[in-house]
Amino acid sequence: MTEERYWADAVPETHRPYVAAEDRYQHLEYRRVGDSGLLLPPISLGLWWNFGDDRPFATQREILRHAFDRGVTHFDLANNYGPPYGSAEENFGRMMRTDFKPYRDELVLSSKAGWDMWPGPYGKLGSRKYLLSSLEASLERMSVDYVDIFYSHRTDPGTPVAETIGALDTAVRQGKALYVGISSYSPERTAEAVAVAKDLGTPLVIHQPSYSMVNRWIEEGGGAGPGAAGGKSLLTVLDEHGMGSIGFTPLAQGLLTSKYLGDEPAKRSGERGSFTDDVVTPDMVERLRGLNEVAEGRGQSLAQLAISWVLRPGGVTSALIGASSTEQLDENLAAAAQTDFSDEELARIDELAGTVEGVNIWDVSSDL
Ligand SMILES: NC(=O)c1ccc[n+]([C@@H]2O[C@H](COP(=O)([O-])OP(=O)(O)OC[C@H]3O[C@@H](n4cnc5c(N)ncnc54)[C@H](OP(=O)(O)O)[C@@H]3O)[C@@H](O)[C@H]2O)c1
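Worth saying up front: this structure is predicted, and the values here are computed from it rather than measured. (Residues numbered from 1 in each chain as written. Predicted model: local features only at pLDDT ≥ 70, side-chain atom pairs only at ≥ 80, totals over all residues.)

Here we take up the overall build of the protein. The number of helices and strands found in the protein is twelve helices and ten strands. With respect to the three principal axes, the spread of C-alpha positions in the protein is 90 × 50 × 40 Å. Out of the 368 residues in the protein, the part that is buried amounts to 46%. (Helix = DSSP H or I, 4+ residues; strand = E, 2+ residues; numbered from the N terminus. Buried ≥ 20, exposed ≤ 12 C-beta atoms within 10 Å, placed from the backbone.)

Burial of the side chains of strand 3 (residues 43-46) extends over both faces: I43 and L45 are buried on one face and S44 and G46 on the other. Of the strand pairs in this sheet, strand 3 and strand 10 (residues 318-321) are connected by three bridges, and their pairing is parallel. Among the inter-strand pairings, I43 is bridged to a residue of strand 10, identified as A319. Examined bridge by bridge, strand 3 and strand 4 (residues 74-76) share two bridges and lie parallel to one another. Each residue of the ladder has a partner; that of L45, found in strand 4, is F75. After leaving strand 3, the chain enters helix 2 (residues 57-69) and then returns to the sheet as strand 4, a path that is right-handed. (Pairing = 2+ DSSP bridges. Right-handed = clockwise from strand over helix to strand, strands pointing away.)

Attention now goes to the site of the ligand. Around the ligand, 32 residues are found, and the nearest of them are G46, W48, L251, G254 and G322. Broken down by secondary-structure element, the contributors of at least two residues to the shell around the ligand are strand 10 and helix 10 (326-333). Of the residues forming the shell around the ligand, the biggest block, three residues, is contributed by helix 10. Among the residues making up the shell around the ligand, the classes are represented as twelve nonpolar, 16 polar and four charged. (Near = placed C-beta within 6 Å. Nonpolar A, V, L, I, M, F, W, Y, C, P; charged D, E, K, R; others polar.)

Relative orientation of the contacting elements helix 3 (residues 87-97) and helix 4 (residues 128-142) amounts to 45 degrees, with a least axis distance of 6 Å. In terms of orientation, helix 3 lies oblique with respect to helix 4. Contacts from E89, E90, F92, G93 and M96 in helix 3 reach S138, R141 and M142 in helix 4. Of the residues assigned to the contact of helix 3 with helix 4, the class counts are three nonpolar, two polar and three charged. (Axes fitted to C-alpha atoms, helices over the stretch in contact; angles between N-to-C directions. Parallel < 35°, antiparallel > 145°, perpendicular 65-115°, else oblique. Contact = placed C-beta atoms within 7 Å.)

Now for the pairing of strand 6 (residues 147-152). Most of strand 6 sits out of view: five of its six residues are buried. For strand 5 (residues 108-113) and strand 6, the ladder comprises four bridges, and the chain directions are parallel. For S111, the partnering residue across the bridge sits in strand 6 and is F150. Here strand 6 runs beside strand 7 (residues 177-183); their pairing, made up of five bridges, is parallel. Bridging across to strand 7, F150 finds its partner in V180. Taken together, strand 6, helix 5 (residues 161-173) and strand 7 form a β-α-β motif whose crossover is right-handed.

Below, the discussion takes up the environment of L291. When you line up the elements, L291 lands in helix 8 (residues 282-297). With 23 C-beta atoms counted inside 10 Å, the residue L291 sits in the buried group. Along the sequence, L291 and R348 sit 57 residues apart, while their C-alpha atoms lie 8.1 Å from each other.

So, about the sheet that holds strand 7. The parallel closed barrel is built from eight strands, whose spatial order is 3-4-5-6-7-8-9-10. On average, each strand axis in the sheet is inclined to that of its neighbour by 30 degrees, with strand direction left out of account. Lying over the sheet, helix 5 contacts strand 6, strand 7 and strand 8 (204-208), oriented at roughly 160 degrees with respect to strand 7. Against the sheet, helix 6 (residues 187-200) contacts strand 7 and strand 8, and its axis sits at roughly 160 degrees relative to strand 8.

Attention now moves to unusual backbone geometry. The peptide bond linking G82 to P83 adopts the cis configuration, its omega dihedral lying at 5 degrees. Looking at where P83 falls in the secondary structure, it is placed in the loop between strand 4 and helix 3. Look at the link from P83 to P84: it is a cis peptide, with omega at -10 degrees. Considering the arrangement of structural elements, one finds P84 in the loop between strand 4 and helix 3. We note that S143 has phi near 60 degrees; this positive angle belongs to a residue other than glycine. Examined against the element boundaries, S143 turns out to sit in the loop between helix 4 and strand 6. Exposure remark for S143: the 18 C-beta atoms within 10 Å place this residue in the partly exposed category. Phi angles above zero are rare outside glycine, and A252 is one such case at about 50 degrees.

Take a look at the structure:
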């Protein structure tokens, strides 16, 4: 073999830096978060499961690159996403240092603290001590100087709301968060948090509640008491204060997908300790099949119906989904194009769905 021929053959496949798709802003219509200047995609991607150390890094990277290529500009994280806790931020940080480095200004990244993270009295709930040290650690793991949104992840019955919101305010003044949010706060506590934020001038612009066809607590009044929210629903309180909302688990962790329509046991991508099969009763499967018929009537899959429904007029600003493959992501993203419903469709969905026991495991926070 001549020297010339040897070089012609020896061109191995090499790693190339990621270059985002040029048409990435052609797919989705961005939505305003309340009265703020912040826009979010109708569908945002969360890294709670599917991005821990139990999943191949190559798959995680493929999903995140694909999401950004399709216009998903918002990735939602928290200190304890994984498993193990912290690993989703760590894995995301690796992608941030490489793939997403040139695109930091095009991304809305969020993190949170509130649920358990490290042992002892300073590793959970809503103290200033926990929130600010956790944010510092999240920034380090994610390899960023700031997050776009930092959340109080849950209510803390022992810490004054003023202290928790004060800690979020400090994060903004330190330049470590641009906006702040609260997650799984009742209408009453949300109104209290808004009052503190208004006093301090804190950009508290978003609430992150659980919401799906089978988990509708944000539409319900929070009791008729004379408290800060005066018995109003969370959606009403948010609307009155110009706040936006990003509804998490619109697929009820996979329940509202084709996974449970067949007679065979559902195939899940891996560990998801927060979902128990107790909710998948024979009656539930019949309801899911009925909802699937509504979906088919609209030319949609059940997952698409579920996502379109939370995005319907009067619903949430953005649907915060999870996905274990690019195929799931593509199926789900198509839901953003079909968010209008007829009265008949809505009535049929109400008949078949409605609040299902055991789905909203975050009421331990929002009932406080
Ligand atoms: N603030 C909070 O307290 C809080 C709490 C929970 C979640 N969140 C946020 O919300 C995000 C989403 O949560 P989630 O993952 O539970 O949401 P989800 O969208 O309700 O469920 C996602 C799961 O459903 C399955 N799935 C998704 N699309 C599918 C499709 N087209 N066909 C079949 N199955 C499909 C996948 O299961 P497999 O993996 O088994 O394939 C996927 O992991 C989290 O990552 C996090 O950012 C926030």
